[in-house]
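# Residue-level structural notes
The primary structure of each chain is shown beneath.
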Amino acid sequence: MRRYGNDKLAVVDIARSLGMSHANVYRFFKTKSEILDAIIDEWLTKLERFVEGIAQRPASAAARIEAVVLELHRKRKQKLREDAEVFETFRRVVEVRPDAAARRREKILRVFRRLIEEGIESGEFVGVDSLKAATALKDATSLFLHPFLIPTTLHEETDARARDVVRFILAGFSAARARRVTPTKRPGSKVRL
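This is a predicted model, so every value here is computed, not measured.

### As for the overall build of the chain
Per the secondary structure count, the chain includes 11 helices and 0 strands. Reading the helices (α) and strands (β) of the chain from amino to carboxyl end gives α-α-α-α-α-α-α-α-α-α-α. Counting across all 193 residues of the chain, residues that qualify as buried make up 38%. A separation threshold of at least 6 residues defines the contact pool for the chain, and within that pool the share at least 24 residues apart is 68%.

Have a look at this one:
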């Protein structure tokens, strides 16, 4: 993949680099598409393990959500800087395989949703709709997580921006904020938030 990219990758090249015949490769994979599926599955498994490792930490839901966004963003920027060919291949695969892109987005969305639900259960967040909240969070952080957008900010300092986006979104359904904004009404006055 690094040497030829997805478009020019041939089973013969894979076999040659492994020191075997292309017929032997076909014993394990029927088509080049199956090989690509296996590579995508490996990438998604690594992504899931990385994100799950952060999500399992002993910290508040908000801290873990922030860590998922920041650490995944840093990891992807580092990959782009250190291994641009593989990053570009991954980006092209996402472009030509929308099913893989959808699976990647779904994994992130599930983790966000679970962490938001944990925050609701612990009283950290108010009872928001976890799916809508997770979707808003995913959409708001796409500049920092989406493979098409990461190159646009490669040479910018984005950690503080990513942190601010996460914190502003989470403040929208924070239990502390809800307690501060409880409307009060005095006789003859308008309710103010």
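Now that the structure is up, let's keep going.
### Notes on the pattern of salt bridges
Per the stated rule, a full pass over the model turns up 13 salt bridges. Salt-bridge contacts for Glu 66 lead to Arg 167; the nearest nitrogen and oxygen are separated by 2.8 Å. Remark: Arg 167 occurs in helix H10 (residues 159-171) and Glu 66 occurs in helix H5 (residues 61-82); sequence separation between them is 101 residues. Across the pair Arg 161 and Glu 156 runs a salt bridge, and its minimum N-O distance is 2.6 Å. Bridged by salt links that share partners, the residues Glu 52, Arg 64, Arg 114 and Glu 118 form one connected network.

### Things to note about the packing of H5 against helix H7 (residues 98-122)
Running from amino to carboxyl end, H5 crosses H7 at an angle of 155°, the nearest separation of the two axes being 8 Å. Of the possible angle classes, the one that applies to H5 and H7 is roughly antiparallel. Note that H5 runs across H7; the crossing there is right-handed. Judged by residue contacts, Ala 61, Arg 64, Ile 65, Val 68, Val 69, Leu 72 and Arg 76 of H5 engage Arg 104, Ile 108, Val 111, Phe 112, Leu 115, Ile 116, Glu 118 and Gly 119 from H7. Residues of the contact of H5 with H7, tallied by class, amount to 10 nonpolar, 1 polar and 4 charged.

### Considering empty space enclosed by the protein
In this structure the tally under the stated criterion is 1 cavity of 30 Å³ or more. Taken as a whole, the largest cavity encloses approximately 40 Å³ of empty space. Lining of the largest cavity is provided by Ile 40, Leu 44, Phe 90, Val 93, Val 94, Ala 100 and Arg 104. Elements supplying a minimum of two residues to the lining of the largest cavity: helix H4 (32-55), helix H6 (84-96) and H7. Counting residues per element, the lining of the largest cavity draws most heavily on H6, at 3 residues. When the residues that make up the lining of the largest cavity are grouped by side-chain class, the tally is 6 nonpolar, no polar and 1 charged.

### A few points about the packing of aromatic side chains
For any two aromatic rings, the description comes down to two numbers: the centre-to-centre distance and the angle of the planes. Per the stated rule, a full pass over the model turns up 1 aromatic pair. Ring plane angle 75° and centroid distance 5.2 Å describe the contact between Phe 125 and Phe 173, whose orientation is recorded as edge-to-face. Linking Phe 125 in the loop between H7 and helix H8 (130-140) with Phe 173 in the loop between H10 and helix H11 (175-180), this pair joins segments that are 48 residues apart in sequence. In this pair, the class of Phe 125 matches that of Phe 173, namely buried. Here Lys 75 stacks its cationic end above the ring of Phe 50, 4.8 Å away from the centre of that ring.

The rules behind these values
- Residue indices follow the written sequence of each chain, beginning from 1 at its first position.
- Where local features are concerned, this predicted model is filtered to residues with pLDDT of at least 70; where side-chain atom pairs are given and counted, the filter is 80 or more; whole-chain, interface and lining totals use all residues.
- Side-chain measures were taken over the full set of non-hydrogen atoms in the model, leaving aside hydrogen atoms and water.
- Secondary structure elements follow DSSP: runs of H or I no shorter than four residues count as helices, runs of E no shorter than two count as strands, and numbering proceeds from the N terminus.
- Throughout this description, buried means an accessible area under 20% of the type-specific maximum (1.4 Å probe, protein chains only), exposed means over 50%, and partly exposed covers the range between.
- Note on contacts: a residue pair is in contact if any heavy atoms of the two residues lie within 4.5 Å.
- Each salt bridge in this description consists of a side-chain nitrogen of Lys or Arg and a carboxyl oxygen of Asp or Glu lying within 4 Å of one another.
- Note on definitions: angles span 0 to 180 degrees between N-to-C directions of axes, and those axes are lines fitted to C-alpha atoms, for helices only across the stretch in contact.
- Here the angle decides the label: under 35 degrees means roughly parallel, over 145 means roughly antiparallel, 65 to 115 means roughly perpendicular, and every other value means oblique.
- Should the near helix be turned anticlockwise from the far one by less than a right angle, the crossing is termed left-handed; should it be turned clockwise, right-handed.
- Throughout, the ten residues Ala, Val, Leu, Ile, Met, Phe, Trp, Tyr, Cys and Pro are labelled nonpolar, Asp, Glu, Lys and Arg are labelled charged, and all others, Gly among them, are labelled polar.
- A 1.4 Å probe that fits into a set of points on a 1 Å grid over the protein atoms alone but cannot get out defines a cavity; an open set with protein on both sides within 12 Å along at least five of seven lines defines a pocket, and lining residues are those with an atom within 4 Å of a point.
- Grid points are joined across faces, edges and corners, and a volume is the space filled by probe spheres set on the points.
- The pairing test for Phe, Tyr and Trp rings, Trp by its six-membered ring, is centres within 6.5 Å, and the orientation test on the planes gives stacked under 30 degrees, edge-to-face over 60, and tilted for anything in between.
- Put simply, a charge is over a ring when the Lys NZ or the Arg CZ is close to the ring centre, within 6 Å, and near the line of the ring normal, within 35 degrees.

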